[in-house]
Structures are given as C-alpha cells and as structure tokens.
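Okay, here's what each chain looks like letter by letter:
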2 protein chains.
Amino acid sequence: MQSKNVNAHLTEIRDYFKMAVSVDCVIFGFDNDELKVLLIKSDLKEYKDMWSLLGDIVRPGEELDAAADRVLKSRTGLDQVFMEQVQTFGGVHRHPAGRVITVAYYSLVNIQHAALKKHGNELHWHPVKAVHEMAFDHKEILDCCYERLKHKVIEQPVGFNLLPRKFSLRELQNLYEAILDVKLDRRNFRKKFLSMDLLVDLNEEEDDVPHRPARLYKFNFEKYDQRKKRYLGIGF
Amino acid sequence: MQSKNVNAHLTEIRDYFKMAVSVDCVIFGFDNDELKVLLIKSDLKEYKDMWSLLGDIVRPGEELDAAADRVLKSRTGLDQVFMEQVQTFGGVHRHPAGRVITVAYYSLVNIQHAALKKHGNELHWHPVKAVHEMAFDHKEILDCCYERLKHKVIEQPVGFNLLPRKFSLRELQNLYEAILDVKLDRRNFRKKFLSMDLLVDLNEEEDDVPHRPARLYKFNFEKYDQRKKRYLGIGF
DNA sequence: ACAAAAGTGTTTGTCGTACACCCATGC
DNA sequence: GCATGGGTGTACGACAAACACTTTTGT
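Residues numbered from 1 in each chain as written. Chains lettered and ligands numbered in written order. Predicted model: local features only at pLDDT ≥ 70, side-chain atom pairs only at ≥ 80, totals over all residues. Heavy atoms only, no water.

Per an unreviewed UniProt entry, chain A goes by the name 8-oxo-dGTP diphosphatase and belongs to Chitinophaga japonensis.

Below you can see the structure in the form of structure tokens.
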C-alpha cells in the first residue's frame with residue numbers, strides 16, 4: 001500500500017511541479033537484547049525484494065509530524081510514542097519515480113505493544129546491525145537516525161521508551177549496550193541509574209528465570225519531565 | 001528579490017499541488033563581541049517591515065544543500081563555509097501564500113569577509129539577542145538553529161569559522177561567552193583550548209590596542225580533521 | 001551442591017572549577 | 001606612574017573507571 005500510494009501520487013505530481021514531500025519513519029524496537037528496526041518489503045519494481053523504511057507522502061493540509069504519526073499508527077497501531085525529526089533528504093534522484101523530498105523521523109516503541117499491520121506487504125523487525133542493503137537511500141537514512149539515537153541516549157534517558165513498563169536493571173543495561181555497541185560495567189551502570197533517582201522500585205521480581213530473580217523497576221517519566229524544565233543542564 | 005521569487009513560484013504552485021519546498025538560512029556572524037544573524041526586510045505585505053531569514057524556493061533538479069549554498073552566496077558572496085541542516089518546518093499555514101515546507105540551515109561565516117548584496121531589500125546584521133519578532137515562523141527557526149549551534153559549539157570546535165583567521169584567546173573566549181551566554185573563567189578557558197593542541201601560535205601580536213597586546217593564534221583545521229576521524233569521542 | 005545471574009563498596013585517577021598575582025604596553 | 005587587559009599555577013572536589021566477592025534462586 002505504501003508504495004502504491006507513492007506511485008499514484010507521483011504520477012499526478014510529475015505532470016505539475018515535479019516535487020513531492022514524504023516522511024520516512026525509522027521505527028526502533030528492542031527485543032532479545034537487540035536493537036531492531038521495522039522494515040517493509042518494497043514493491044517498487046526498481047527495488048524488488050529489498051527492504052525499505054515505512055513512509056508515505058505528506059498530504060495536503062497535513063503537518064509533517066502528523067504524517068509521521070499516521071505512518072507509525074497505520075503500521076503498528078501505536079500512538080503517542082517518542083518520536084523525533086532528524087533530517088531531510090532531498091537528493092534529486094533518490095526516488096526513481098520523480099523528485100521526492102523526504103523528512104526522516106525516528107521513533108522508539110515498545111516492541112511488545114506493536115500490532116503489526118501488514119496490508120499485504122511483508123513487515124518485519126530486523127536487527128539494526130544486520131541491515132545492509134536497502135531500497136532508495138534508506139540505508140543512509142537509517143544510519144543517520146541511528147547515530148542520532150546514540151547521541152540522544154547518552155544525553156537524555158529516552159531508552160525507557162523501548163522497554164516494557166517493568167524492567168530489570170540488567171535489561172536496561174542490555175539496552176544501552178545494544179544501542180551504543182559497547183560493554184558497560186555492571187556496578188557503575190547501576191550506581192549511575194539509581195543515583196539519578198528516577199527509577200521506582202516496584203518491589204517485584206522477575207519470574208520464571210533459572211537463577212536469582214532481579215528486582216523490577218519502572219521509570220518515573222513525570223518526575224523527569226518536571227526536573228527537565230528546571231535543570232536544562234547537560235547530561236541527564 | 002527573495003520574496004518576489006517566492007510569490008511568483010507560489011502563484012504557479014497554488015493551482016497545482018499546492019506545496020513548495022524552500023530553504024531558509026540562519027547566517028551567523030560575530031562582531032563587536034556579539035553573535036549576529038543576517039536578516040532581510042520582508043516585502044510581503046503580510047509581513048511589511050518585519051525581518052526575515054534569507055531563503056528561497058528549491059529549484060527543480062537542485063539539491064537542498066545546493067539551494068542553501070546558493071542563497072548564502074547570492075547574499076554574502078561567500079562559498080564553502082560551515083553549514084549544517086537543522087530541521088524542516090512544515091506548518092500548514094506558515095506561509096500566507098500557500099503551503100511552503102522549508103528546510104532550515106545555519107551557517108557560520110566570517111562577518112568581515114561577507115560582501116552583502118542587497119538586491120534592493122534592506123539587509124542587516126542583527127544581534128541575535130535583540131531579535132524578537134520576525135516574519136513567518138522565522139523566529140522559531142532562528143531559535144531552533146541557535147539552540148543547535150549552542151549544542152554544537154560545546155561538542156566540536158566550530159566557533160573558529162566565525163572568527164578572522166588570526167585571533168587572540170580573548171576574542172575566542174568572547175565568542176564562546178556570546179554564543180553560550182555565560183561568563184567563563186579566563187585561565188580555565190585558556191588551559192582547555194591550549195591543551196587541545198589545535199591552536200597554532202603565530203608569534204604575532206595584536207596591534208593598536210591601548211594595553212598589553214595579546215598573542216595571535218590560528219586554528220589548525222587540518223589537524224582537527226585528521227584527528228576527528230580517529231577519535232570519534234565525545235567532546236573535542 | 002552446582003550453575004547462573006543479582007546485588008553490593010572502595011579505590012584511583014582525571015577533569016572541571018575556583019581563585020590572585022605579576023607583566024607588558026599605551027597614554 | 002597609572003590604567004588596562006594579558007598571561008600564568010595550584011588546590012580541591014566531583015565524577016568516571018576499574019575491580020571481586022557474597023547472595024539468591026532453580027535444577
């Protein structure tokens with residue numbers, strides 16, 4: 001559906017101003033200790049069987065952010081997730097059907113909550129590290145958004161958006177290690193996050209693990225939002 | 001000229017797809033110990049006598065970066081300056097003549113080298129702190145780019161692009177103080193920059209100052225570019 | 001009892017910050 | 001000789017990094 005829409009629109013546009021604006025969403029998830037990205041199989045003949053980002057033409061009268069929200073929701077059913085505009089790609093020949101300038105967004109979703117809506121196309125979560133070739137310039141867009149995410153995650157505690165509401169410190173550490181592609185010291189990591197005083201100890205434990213169960217926490221989004229307004233400092 | 005172009009294009013566009021793409025450039029300079037931005041007086045009747053950023057419609061077949069370069073060059077005569085894409089503003093009603101989605105850039109120029117080309121409109125350097133109301137959503141765009149600059153300047157030594165080739169440490173400090181709007185300790189500032197080992201002591205001194213003249217330095221861009229590729233660390 | 005991961009403190013080094021005095025020049 | 005800004009070093013505190021053992025649970 002995505003690609004057909006694009007094509008249908010493009011045929012109209014090409015005869016007029018020869019320019020269209022789209023949004024592309026890099027939808028990140030976290031599962032099995034890996035950072036994943038949601039991709040769809042392109043049905044453009046030029047990119048047969050290649051994977052591409054989720055995107056669509058921006059409609060007349062539609063805000064850019066709204067278009068990105070719409071794409072996200074139409075594919076995952078998710079709403080009100082963390083999303084950030086990253087960069088706009090305007091290469092003259094980036095789309096075979098004509099000039100399409102695309103505004104790239106990334107979003108962070110709880111992969112368990114996503115109810116994928118295929119609309120016919122194949123739609124899968126791919127480990128970010130394993131994605132190599134993509135349709136259009138989408139690999140470049142993915143790389144750009146991934147770099148932005150790495151940067152963001154060391155400045156602000158946004159990683160929680162990728163986790164279930166209840167999580168252990170080990171899961172949180174695995175998330176950071178996966179995103180940043182580094183190994184971190186467990187004690188220092190715990191110390192740092194606990195001293196932020198933004199984790200709420202739920203007095204619950206993991207279940208069904210073949211070893212000592214970990215305590216579960218939730219992130220105090222409200223407290224962070226309030227604090228953010230006051231501090232505005234560097235780092236969390 | 002800017003606005004007339006926009007209007008001429010828009011009249012055409014409006015009858016068709018009702019969407020155009022433009023670039024807007026936030027051109028920063030540094031003079032008289034103040035951060036300045038180059039603005040032009042709008043000649044749109046809706047924004048009579050208000051100041052606006054320098055921008056233009058992206059031409060068919062023109063890359064976005066190329067459009068931004070073109071705008072910069074046509075107004076300042078400058079080429080190959082530091083420039084970075086920041087964000088795209090797509091508010092449906094941001095332009096009174098129709099839908100114009102604009103990609104915002106900021107650039108850092110040596111204000112002494114800029115040879116302003118007015119093309120009829122008033123064109124002036126304004127202290128960033130003194131800019132309040134602007135045409136369109138340009139104040140929002142300016143604020144956004146300024147925030148990005150603040151962020152950038154504490155991560156990478158890009159400020160040199162705003163200075164003459166030869167500068168004193170005092171000038172450099174004034175630049176940082178102006179951009180970040182803070183007071184810095186002179187000794188710590190000198191220590192930090194000298195320890196980066198990217199300043200070349202020119203063995204020259206200021207002239208015509210009514211006090212002890214300061215040593216002059218230049219920034220070693222080549223060394224920084226090489227080092228950047230190896231380190232990729234945080235901070236300079 | 002064994003395996004597997006959870007949980008916990010201390011030490012060390014680095015870096016940022018605060019701070020005051022002498023120096024060189026023009027007038 | 002005085003006013004103005006240039007140039008310099010040290011001490012302290014905070015935070016990041018390195019590092020090993022005990023505890024809890026399931027099998």
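Caption draft 1: Just the overall build of chain A, in detail. Regarding its fold elements, chain A presents 6 helices and 9 strands. Scored against the burial criterion, the 236 residues of chain A give a buried share of 50%. Long-range pairs, those at least 24 residues apart, make up 68% of the contacts in chain A between residues at least 6 apart in sequence. (Helix = DSSP H or I, 4+ residues; strand = E, 2+ residues; numbered from the N terminus. Buried < 20%, exposed > 50% of the residue type's maximum accessible area, 1.4 Å probe, protein only. Contact = heavy atoms within 4.5 Å.)

Caption draft 2: Representation of the interface of chain A and chain B in the model. Taken together, the 28 residues of chain A in the interface contact 28 residues of chain B. When chain A packs against chain B, close to 2200 Å² is buried across both sides, 64% of that on carbon and sulfur atoms. The interface formed by chain A and chain B holds 0 salt bridges in total. Residue contributions to the side of chain A that touches chain B peak at 5 residues, all from strand β5 (residues 82-89) of chain A. Per-class residue counts for the side of chain A that touches chain B are 15 nonpolar, 7 polar and 6 charged. (Buried area = accessible area lost by both parts, 1.4 Å probe. Salt bridge = Lys/Arg side-chain N within 4 Å of Asp/Glu carboxyl O. Nonpolar A, V, L, I, M, F, W, Y, C, P; charged D, E, K, R; others polar.)

Caption draft 3: Looking closely at the protein's contact with DNA strand C. Among the 19 residues in the neighbourhood of DNA strand C, the closest are listed as Arg186, Lys191 and Arg215 of chain A together with Arg187 and Asn188 of chain B. Within 4 Å of the protein, the contacting atoms of DNA strand C are 42% sugar and phosphate, with bases supplying the remainder. Here Arg170 of chain A contributes a side-chain N or O atom positioned 3.3 Å from a phosphate oxygen of DNA strand C. Within the side chain of Arg190 of chain A, an N or O atom sits 3.2 Å from a phosphate oxygen of DNA strand C. Contributions of two or more residues to the surface near DNA strand C are made by α5 (186-196) of chain A together with α5 (186-196) of chain B. Considering each element in turn, the surface near DNA strand C owes the most residues, 4 residues, to α5 of chain A. In terms of residue class, the surface near DNA strand C is made up of 5 nonpolar, 3 polar and 11 charged. (Near = heavy atom within 4 Å. Polar contact = N/O pair within 3.5 Å; in protein donor to acceptor, adjacent residues only side chain to side chain.)

Caption draft 4: Looking closely at the packing of helix α3 (residues 138-155) of chain A against helix α3 (residues 138-155) of chain B. Close contact between α3 of chain A and α3 of chain B brings their axes to 15 Å; oriented N to C, the two are set at 85°. The pairing of α3 of chain A with α3 of chain B is recorded here as roughly perpendicular in orientation. Packed against α3 of chain A, whose contacting residues are Arg148, His151 and Glu155 of chain A, the element α3 of chain B presents Arg148, His151 and Glu155 of chain B at the interface. Residue composition of the contact of α3 of chain A with α3 of chain B, by class: no nonpolar, 2 polar and 4 charged. (Axes fitted to C-alpha atoms, helices over the stretch in contact; angles between N-to-C directions. Parallel < 35°, antiparallel > 145°, perpendicular 65-115°, else oblique.)

Caption draft 5: The arrangement of unusual backbone geometry in detail. Its identity as a non-glycine residue notwithstanding, Asp208 of chain A has a phi of 60°, on the positive side. Its location among the elements puts Asp208 of chain A in the loop between β8 (199-205) and β9 (215-219). With a relative accessible area of 78%, Asp208 of chain A lands in the exposed category. Non-glycine residue His119 of chain B carries a positive phi angle of around 50°. Here His119 of chain B is to be found in the loop between β6 (99-108) and β7 (123-127). Look at His119 of chain B and you get partly exposed, because its relative accessible area is 42%.

Caption draft 6: A look at the protein's contact with DNA strand D. Taken together, 19 residues sit near DNA strand D, with Arg187 and Arg212 of chain A together with Arg186, Lys191 and Arg215 of chain B positioned nearest. Counting only the atoms of DNA strand D that lie within 4 Å of the protein, the sugar and phosphate share comes to 41%. Between DNA strand D and Arg186 of chain B, the relevant distance is 2.6 Å, taken from a base nitrogen to a side-chain nitrogen or oxygen of the residue. Between DNA strand D and the protein, one listed contact pairs a phosphate oxygen with a backbone N or O atom of Arg215 of chain B at 2.8 Å. When contributions to the surface near DNA strand D are tallied by element, the ones reaching two or more residues are α5 of chain A together with α5 of chain B. Ranked by residues supplied to the surface near DNA strand D, first place goes to α5 of chain B with 4 residues. Here the residues of the surface near DNA strand D sort into 5 nonpolar, 3 polar and 11 charged.

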